[in-house]
Amino acid sequence: MTVTEMSWRPQYRSSKFRNVYGKVASREHCFDGIPITKNVHDNHFCAVNARFLAIVTESAGGGSFLVIPLEQTGRIEPNYPKVCGHQGNVLDIKWNPFIENIIASCSEDTSVRIWEIPEGGLKRNMTEAVLELYGHSRRVGLVEWHPTTNNILFSAGYDYKVLIWNLDIGEPVKMIDCHTDVILCMSFNTDGSLLATTCKDKKLRVVEPRSGRVLQEASCKNHRVNRVVFLGSTKRLLTTGVSRWNTRQIALWDQEDLSMPLIEEEIDGLSGLLFPFYDADTHMLYLAGKGDGNIRYYEIGSEKPYLSYLMEFRSPAPQKGLGVMPKHGLDVSACEVFRFYKLVTLKGLIEPISMIVPRRSETYQEDIYPMTPGTEPALTPDEWLSGVNRDPILMSLKEGYKRTSKIVFKAPVREKKGVVVNGIDLLENVPPRTENEVGQHHTAPSSPGAAPLLFTRPQGWLGLGNEVSPVFTPILSILPPLQHGACSSGQPALPAGRPGISLLKAFPEILPWKNTGRSWGSVAGRIPGGLRSSHACTPPV
């Protein structure tokens, strides 16, 4: 029989990862009793590194998240200390890849904050961030650290802008303003010279981040993109989204030509968002659906069919989000190649899931642990901003990762002022509201000469400290005469009365809160610091 006569037979691939399996940690090695946030924002609400696990939690007012040392497994006490400095819900958190006790968070209060976690974890609630970054005029939904440069942070807000922050000076240094709707996802290539974004306008973009120039753009009509990830140094992108028949779908793209996807593959007919995770060391792709209990994994090849299905990890408990352990935090003695931290909201549980390559030998397996990006930055912020690109500094996992980073974060001292990037004041140029915001903010009837309402984000308000910003000047000027002195900060005091008098009862004509449908926490967060700290601002009866 000739070879051509046998060509109909299926081709079987030999892969060292075809038997990878998922192993769930025992209950005593899980994190239990955690009030995981019920926010429906499409993020993971979890971040992990080799020392700490951070989880966004449910809170009555403002936003908070827990930071737990990895060795402190088991049940977490209800009064465990939290990071609780935000005045709105926390939407995203990310650990600094080079300094393991520095974490960035973003929130509905339009701020990005940098926190320094003390050695050994929190002993009391942390409310003071080492750095507060104000530049977005609407809530901030995403933060991402640059993969090779220290102290460069990207943030994407509902004002359709991506800001690049230089944390050495605590200011935004670049602005990417090419999107026409809310940015859903950001992903970097290996050296951080390219940024891929997906947007609610159904477009996939590849952007040069320093200039903000769009290099490639795909208008996805048959594949409505949600998430994107660079596939290492293969010059390819993978997106997850929805097909025209509302089935979940993945697509593979050439980063230099986004006119047509290389392949499209339908996954299933479920409705949950698909989160992609790519391991550049093993060339494995993991797909986890929000609300699913399973994790599918594939191997990425350089030739057709490009995508080879391996296996599926199954669990009955649905996942709200997943944190991913960096490579240097894995257990190489157990042949662990990936580790998820699964958020199970119904049980208040964080469940580690280890992806393991079965091997009989107990020696170090060099074929599954190549040199991998370490914790040393390849560039300084000034070098990267000047146009230098450099691959990450690699490290070996052979001896186990014991070295601690010598880099220390130093917060810059800066004055409070307006934020101007590329000659544009970011807080004065507010785009039209999104459909979601229009549905949430009902317009209250206004009378001639009425002051701006405090429950919306006023233009020009930074909301810092106890100062009254210029936007409150017209409000204070039309208030009824106050006969009971002023606060220690020089601001007008509220009228005297029984303890617990609310600001809303004192000034009902400028705070028509009951007609807005907004929560009291979101209103109280907009009140100037001096008024808020000097009087009990309780919601009206």
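Scroll up for the structure.
The structure contained in this document is the topic of the report that follows. (Residues numbered from 1 in each chain as written. Predicted model: local features only at pLDDT ≥ 70, side-chain atom pairs only at ≥ 80, totals over all residues. Heavy atoms only, no water.)

1. Brief notes about the overall build of the chain
Rules: Numbering of helices and strands runs from the N terminus; a helix is a DSSP stretch of H or I covering at least four residues, while a strand is a stretch of E covering at least two. Residue burial is assigned from relative accessible area. The probe radius is 1.4 Å, only protein chains are included, and a residue is buried under 20% of its type maximum, exposed over 50%, and partly exposed in between. Any two residues whose heavy atoms approach within 4.5 Å at even a single point are treated as in contact. Exposure was quantified through the Shrake-Rupley algorithm and a 1.4 Å probe, taking into account, for residues, occlusion by the shown protein chains and nothing else.
Across its full length, the chain carries six helices and 34 strands. Across the 541 residues that make up the chain, the buried fraction comes to 55%. Taking the intrachain contacts of the chain between residues at least 6 apart in sequence as the baseline, contacts between residues at least 24 apart amount to 53%. Surface exposure of the chain reaches about 24900 Å², of which carbon and sulfur atoms provide 50%.

2. Let's talk about the pairing of strand β5 (residues 63-69)
Filter applied, for reference: By definition, two strands form a pair when at least two bridges between them are found by DSSP.
Of all seven residues in β5, seven are buried, a share of seventy percent or more. Burial along β5 is two-sided: the residues Gly63, Phe65, Val67 and Pro69 and Ser64, Leu66 and Ile68 are all buried. Across six bridges, strand β4 (residues 52-57) lies against β5 in antiparallel orientation. Note that in β5 the partner of Ala54 across the bridge is Val67. The turn linking β4 back onto β5 is made up of five residues, and Gly62 within it adopts a positive phi angle of 75°. Pairing of β5 with strand β7 (residues 83-86), which is carried by two bridges, proceeds in the antiparallel orientation.

3. A word on the nonpolar core
Quick reminder of the rule: By nonpolar core we mean a set of buried residues, namely Ala, Val, Leu, Ile, Met, Phe, Trp, Tyr and Cys, connected to one another through side-chain atoms within 4.5 Å.
Residues Ile34, Leu53, Phe65, Ile117, Tyr341 and Ile350 are the most contacted members of the largest nonpolar core, which totals 34 residues. Looking at which element gives the most residues to this core, the answer is β4, with five residues. Beyond its immediate chain neighbours, meaning those up to four positions away, Tyr341 contacts Phe31, Cys46, Val48, Leu53, Leu70, Gly321, Leu322, Gly323, Met325, Ile350, Glu351 and Pro352. In terms of nonpolar packing, the next biggest core, distinct from the first, is built from 26 residues, Phe17, Ile295, Ile353 and Met355 among them.

4. As for the sheet that holds β7
As a reminder of what qualifies: Every angle, taken between N-to-C directions, lies between 0 and 180 degrees, and every axis is a line fitted to C-alpha atoms, over only the stretch in contact when it is a helix.
Ordered in space as β3-β4-β5-β7, the four strands form an open sheet in which the pairing is antiparallel. Each edge of the open sheet carries a strand with a single partner, namely β3 (46-48) and β7. Neighbour-to-neighbour, the strand axes of this sheet turn through a mean angle of 20°, independent of strand direction.

5. A look at the sheet that holds strand β25 (residues 284-289)
What the four strands build is an open sheet, ordered β24-β25-β26-β27; its pairing is antiparallel. The open sheet is flanked by β24 (274-279) and β27 (307-313), the only strands paired with a single partner. Averaged over all neighbouring strand pairs, the angle between strand axes comes to 25°, with direction disregarded. Bridge analysis of β25 against strand β26 (residues 295-300) gives five bridges, and the strand direction is antiparallel. In the sheet register, Met284 faces β26, and the bridge partner there is Glu299.

6. Some thoughts on the pairing of strand β10 (residues 111-116)
Extensive coverage of β10 is indicated by the burial of five of its six residues. By the bridge criterion, five bridges tie strand β9 (residues 102-107) to β10 in an arrangement that is antiparallel. Each residue of the ladder has a partner; that of Cys106, found in β10, is Val112. Where β9 hands over to β10, the hairpin turn is made up of three residues, of which Thr110 adopts a positive phi near 75°. Of the strand pairs in this sheet, β10 and strand β11 (residues 131-134) are connected by four bridges, and their pairing is antiparallel. Counted as the bridge partner of Arg113 is Glu132 from β11.

7. Focus: the side chain of His41
Its place among the elements puts His41 in the loop between β2 (31-32) and β3. With relative accessibility at 16%, the residue His41 sits in the buried group. When sequence neighbours within four positions are dropped, the list of residues in contact with His41 reads Leu91, Gly141, Tyr158 and Lys290.

8. Topic: the environment of Thr247
Defined as follows: The term polar contact refers here to a pair of N or O atoms within 3.5 Å; inside protein, the definition further demands a hydrogen-donor-capable atom paired with an acceptor-capable atom, and it admits residues adjacent in sequence only when both atoms are side-chain atoms.
On the secondary structure map, Thr247 appears in the loop between β21 (236-243) and β22 (248-254). Here Thr247 falls in the buried class, since its relative accessible area comes to 16%. Taking C-alpha positions, Thr247 is 6.7 Å from Leu270, a pair spaced 23 residues apart along the chain. What Thr247 contacts, discounting residues up to four positions off in sequence, is Gly241, Val242, Glu266, Asp268 and Gly269. Within polar-contact distance, the side chain of Thr247 engages the side chain of Glu266 at 3.4 Å.

9. Some words on the environment of His283
With respect to the helices and strands, the residue His283 is situated in the loop between β24 and β25. Under the relative-accessibility criterion, His283 is labelled partly exposed at 37%. When the C-alpha atoms of His283 and Gly232 are compared, they prove to be 8.3 Å apart, with 51 residues separating the residues in sequence. Apart from residues lying up to four places away in sequence, His283 is in contact with Tyr278, Tyr298, Glu299 and Ile300.

10. Quick look at the pattern of salt bridges
Our working rule: Basic side-chain nitrogens of Lys or Arg form a salt bridge, by our definition, when they fall within 4 Å of a carboxyl oxygen of Asp or Glu.
For the structure on display, the rule yields 23 salt bridges. Residues Asp42 and Lys290 are paired through a salt bridge, measuring 3.0 Å at the closest nitrogen-oxygen approach. Residue Asp42 is found in the loop between β2 and β3, and its partner Lys290 is found in the loop between β25 and β26; the two are separated by 248 residues along the sequence. Given a relative accessible area of 35%, Asp42 falls into the partly exposed group. On the basis of relative accessibility, which here comes to 18%, the residue Lys290 falls in the buried class. Residue Arg339 is joined to Glu336 by a salt bridge in which the shortest nitrogen-to-oxygen separation is 2.8 Å. Accessibility assignment for this pair places Arg339 and Glu336 in one class, buried. Salt bridges sharing partners connect three or more residues here, namely Asp201, Lys203, Arg205 and Glu217.

11. Focus on the packing of aromatic side chains
In plain terms, the rule: Stacked, tilted and edge-to-face are the three classes applied to pairs of Phe, Tyr and Trp rings, where Trp contributes its six-membered ring and a pair requires centres within 6.5 Å; stacked means planes under 30 degrees apart, edge-to-face means over 60, and tilted covers the rest. Consider the ring centre and the ring normal. A charge sits over the ring if Lys NZ or Arg CZ is within 6 Å of that centre and within 35 degrees of that normal.
Within this structure, the stated rule accounts for eleven aromatic pairs. Looking at Arg139, its charged tip hangs above the ring of Tyr158, at a distance of 4.3 Å from the centre.

12. Regarding the side chain of His179
Within the secondary structure layout, His179 lies in the loop between β15 (171-176) and β16 (183-188). Owing to a relative accessible area of 5%, His179 belongs among the buried residues under this scheme. A polar contact of 2.8 Å, which involves the side chain of His179, links it to the side chain of Thr197. Apart from residues no more than four positions distant in its own chain, His179 is found in contact with Tyr160, Val162, Thr197, Cys199 and Arg205.

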